Amino acid sequence: MADISLGERIYIVQGIEQDVRTDGRSRAQYRPLELEANVVAQADGSARLHLGPTDVLVGVKVELGVPDSASPSQGQVHVSVECSSCASPEFKGRGGEDWGIELARALEASLVGSPAGGSGLDLASLCLVPGKTCWLVYVDALVLNDGGNVLGALSMAARAALALTRVYKVEVSMNEDDEPEVELSGEPEGAPLDAANVPIIVSVSQVGNRSVVDLASEEEPCAAASLHVAVNSKARVVGLTKSGSSGLDPSLTQEMVEVAQKLGPGIIASLDKYISSIPVTS
Amino acid sequence: MSVVVRSFEAGSNLKLISKTSKAVAKSTPDSAYVCVGDTIDTEEPEFLKGHGTALVDGRLLATLCGVVQRIDKLIYVQPVKSRYTPEVGDVVVGRVTEIAGKRWKVDLNSRQEAGLLISAVNLPGGVQRRRNAVDELNMRSMFREGDLISAEVQGKNQDGGIQLHTRSVKFGKLSGGQLVVVQPKLVRKQRFHFTTLQGLDVDVIAGLNGLIWVSPHIPRGEDGAPLQQQQQAAAPAAAEQQQPSTVAAAAGGNPAAIAAAAAAAGGPSKQQREAVVRVAGAIRALAALMLQVYPDSIVEAYTASIEAGVAVSDMSERRFLEVLAQREVARRRREAVHAADG
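Residues numbered from 1 in each chain as written. Chains lettered and ligands numbered in written order. Predicted model: local features only at pLDDT ≥ 70, side-chain atom pairs only at ≥ 80, totals over all residues. Heavy atoms only, no water.

A word on the environment of A:Trp99. Residues and elements named next belong to chain A. Looking at the secondary structure, you find Trp99 in helix α2 (residues 97–111). Separated by 45 residues in sequence, Trp99 and Thr54 have C-alpha atoms that sit 16 Å apart. Once residues lying within four places of it in the same chain are set aside, the contact partners of Trp99 are Cys83, Phe91, Asp146 and Val150. (Helix = DSSP H or I, 4+ residues; strand = E, 2+ residues; numbered from the N terminus. Contact = heavy atoms within 4.5 Å.)

Given below as C-alpha cells:
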C-alpha cells in the first residue's frame, strides 16, 4: 500500500500525545516478542523473532579463519542483512540493498566489542593463534516482514542467536615445524559463545514532542527523528545513531536516551530468561 | 514496563478455533472443508468443475484450501483467504495510489486496481456541470496519493477492472480515524455499511473489501452527510486555511509540519480515542478468530473485553481470544436451541 494520508498521520500524532496509540499501547510499551530458537539447522545458532507483524530471522555461523593484519590478536564479526522482497514491495530487485547495508552497519557496530571487552562480543577471546587462526563469526540476518522497528528486532534476534550459538571446542598444538595446528576436540557439544555483553538497540523516536518506542509501520512516517540507542544489560549506552531529517531538542535527546536505558536491561533480562529455558540441542 | 518474551506458536489461533468449535454442532460435514490435494466427493457422475478444483485420474481434487460449494452441478472451492471480489453496489474503503489522467487509481486489495473517474465524483460545492481541463489539473486538491476514501462499486469492466463512484455526500475522503484490515470474507454484506456503534459514539465504515475505518462519531444528516464537520475530521482543511504552506509541507510528509498541524487541530478526547482504539482491537480480535465482523459482533467483543478487564493492547492475546471464542460458542448454542424450539 502507498504511504498513509495526512489525516491518518495527524490522528496518530494526536494519539501519541494522549498516550493512546492505534493498537492501544502506551508510548513506552513494546509489542510482545515472540521467538523461535534454532530454526536454521545448518547454523551454529539462530533465532527468528516476531514483533507484531515484523518478522526477522538471524543465523550465526562460526568458522575458522585468518585474523585481520591490523588486529592480529582478535577474531572477526561479519554482519549482513538482506531485505526479502516479501517484506515490502520496495525491496523488489535491488531495492532493499541500501537499507540492508545500513542495518548491517548499525548492527555490526553494536556487536563488535571494545578491546577491553566492555561491550559486544569479546573479540580477543575469539582468537586462537595470534596472526594465524581465529574464529570468524558470521551473523546473517533476513528481514521477512517490515512491520516497524526492524533494527530493534534485528538486534534482539541477533543477541538471541549469538546466545544460542555453540562454538566447537578445538585444541591448538605445535607440530614439528613449530607451526600451530588446530584440531577439533572429540567433544560433540560446543561451548556457548559469550553474548552477555552484547547490547540490544532500542529505537526511540520523536513524534510531535514526545518520545515513543517500538513504532509500528504506520507510525514510522510520523516520526521526526529516531535515536537508535545500543544498551547493554547494565543499562550502559554503548552506541548511538540517529535517523530522520529533523534535529533533536537537547532535553528530548536526554529523555530519549533515558527511556532506552530504562527499557534495555529489562528486555535483555527477559530475553536471557527465555533463552536459558530452551533445552540445548546438538 | 516489562516486555513480554515468549515462544512463537504458528497457527495457535487456528488450534483455538478448532478446539472451541468442537463444542458446537457442525452444520456442514467434515468433507466440506478441503485442503490442497484433498479429494472432493462427487456423488453424481455428471458435474461441472469450478474454481479451485482439478480433475486428476478421474478424481476431483482441490487446488485451494477452503469450503466446497455446490450449486446444481457446479462444484467449486471457496478459499479461506482470498482477495476481494467486487460486486456492483458494494461499499468499499480504498487507498489512492496514483493520479492518472481523468481518474484516480485506488487500491482495494482486489485482484486489479480500481479506478475512480473524475466524472464519478461530486465536485466541491456540489455543482453539477461538465468536468473541464481545470478540474483535471485540480484533481490532487480533492484526493491525493495515500488518501483513504470510501466509495461504492459502480461497475466492472470487461477485463475485470473496477469502476468506483463517490457521487453521494456520505462517500469521500476519510480522516481523523484509523484503519483496520481484515479478510474481505469476514465483512458481511449489510443494509448499512456506515454505522454508529450503539452507545459507544464510534463510527465504523465496514468496507466489503476488508478495509474497516474506525473513527470517533460525527453526527450525520438524513442523506449521510456529516452535519457539522467535527474539528478533527476537518483538521487538514482547517489548518490549510490558516497556513497553507504548512499543510503543503505536511502533505509532502514533513513530520514537523504534521506535528504542527496535529497540535493546531482539535482531536477527540482521550476517552473517545480509547473507545475507538478498543473497537479497532475488537475487530482485530474477531478477525484473528475468523469471526464475522458486523456491528453486533464488534459491540459484543468490545463488551467482552471490558468485562474481562483486558487492556486494548492485549486484545489479540491468547487469553482474551479464548474468552471471545467461548462466548461465540455460547452464542451458537443459544441459536441452535432457538432454532430447535422454533
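From this point, the discussion proceeds with the structure in view.
Once that is clear, we can look at helix α1 (residues 6–17) of chain A. All names here are of chain A. Over its 12 residues, α1 extends 17 Å from the first C-alpha to the last, a length consistent with the 16 Å expected when each residue adds 1.5 Å. If you check which residues of α1 are buried, you get Leu6, Gly7, Glu8, Arg9, Ile10, Tyr11, Ile12, Val13, Gln14, Gly15 and Ile16. Of the residues trailing α1, Asp19 is marked for its positive phi of about 65°. (Expected span 1.5 Å × (residues − 1). Buried < 20%, exposed > 50% of the residue type's maximum accessible area, 1.4 Å probe, protein only.)

Residues and elements named next belong to chain A. Relative to the assigned elements, Asp214 resides in the loop between β12 (210–213) and β13 (225–231). Since its relative accessible area comes to 1%, Asp214 is described here as buried. Of the polar contacts made by the side chain of Asp214, one reaches the backbone nitrogen of Arg31; its length is 2.8 Å. The residues touching Asp214, leaving out its near neighbours within four places in the chain, are Arg21, Arg25, Gln29, Tyr30, Arg31, Leu51, Asn149, Ser203 and Glu219. (Polar contact = N/O pair within 3.5 Å; in protein donor to acceptor, adjacent residues only side chain to side chain.)

Let us look at the interface of chain A and chain B. Listed as interface residues are 44 residues of chain A and, on the opposing side, 47 residues of chain B. Across the interface of chain A and chain B, roughly 3700 Å² is buried in total on both sides, 64% from carbon and sulfur atoms. Run the count over chain A and chain B and you get 2 salt bridges. One salt bridge in this structure joins A:Glu8 and B:Arg95, with 2.9 Å as the shortest N-O distance. Applying the counting criterion to the chain A and chain B interface returns 16 residue pairs in polar contact (both at pLDDT 80 or more). If you list the elements that add at least two residues to the side of chain A that touches chain B, you get α1, β1 (33–37) and α4 (250–276) of chain A. (Buried area = accessible area lost by both parts, 1.4 Å probe. Salt bridge = Lys/Arg side-chain N within 4 Å of Asp/Glu carboxyl O.)

What follows concerns a nonpolar patch on the surface. Residue and element names in this part refer to chain B. The grouping of Leu48, Ile71 and Leu74 at the surface amounts to a nonpolar patch, some 260 Å² of accessible area in total. Tracing the backbone through its elements, the reader meets Leu48 in strand β3 (residues 48–49). Overall, Leu48 belongs to the exposed group, its relative accessible area being 53%. (Patch = residues over 30% accessible without salt bridge, like charges linked within 9 Å, V, L, I, M, F, W, Y side chains within 5 Å. Areas by Shrake-Rupley, 256 points an atom, 1.4 Å probe, with all protein chains shown as cover.)

Right, let's get into the packing of aromatic side chains. Under the definition given, this model contains 2 aromatic pairs over all chains. Just above the ring of B:Tyr294 sits the side chain of B:Arg188; from NZ or CZ to the centre is 4.3 Å. The aromatic ring of A:Tyr11 is capped on one face by B:Arg273, whose charged end is 4.3 Å from the ring centroid. (Phe/Tyr/Trp six-rings, centres within 6.5 Å; stacked < 30°, edge-to-face > 60°. Lys NZ or Arg CZ within 6 Å of the ring centre and 35° of its normal.)

We now examine the pattern of salt bridges. All names here are of chain A. Inspection of the entire model under this criterion finds 25 salt bridges over all chains. One salt bridge in this structure joins Arg31 and Asp214, with 2.9 Å as the shortest N-O distance. On the criterion of sequence distance, the pair formed by Arg31 in the loop between α1 and β1 and Asp214 in the loop between β12 and β13 is long-range, its members being 183 residues apart. Each member of the pair, Arg31 as well as Asp214, carries the same accessibility label: buried. Salt bridges here are not isolated pairs; linked through shared partners, they connect Arg21, Asp23, Arg25, Arg31, Asp214 and Glu219.

Okay, the sheet that holds strand β15 (residues 194–197) of chain B next. All names here are of chain B. In spatial order, the strands read β14-β17-β16-β15; together these 4 strands make up an open sheet with antiparallel pairing. The sheet terminates laterally at β14 (178–181) and β15, the two strands that pair on one side only. Between one strand axis and the next, the sheet turns through 25° on average, direction left out of account. Of the pairings in the sheet, the one linking β15 to strand β16 (residues 202–206) comprises 4 bridges and is antiparallel in character. The residue of β16 that forms the bridge with Leu197 is Val202. (Pairing = 2+ DSSP bridges. Axes fitted to C-alpha atoms, helices over the stretch in contact; angles between N-to-C directions.)

Read these as spatial facts, not as claims about activity.
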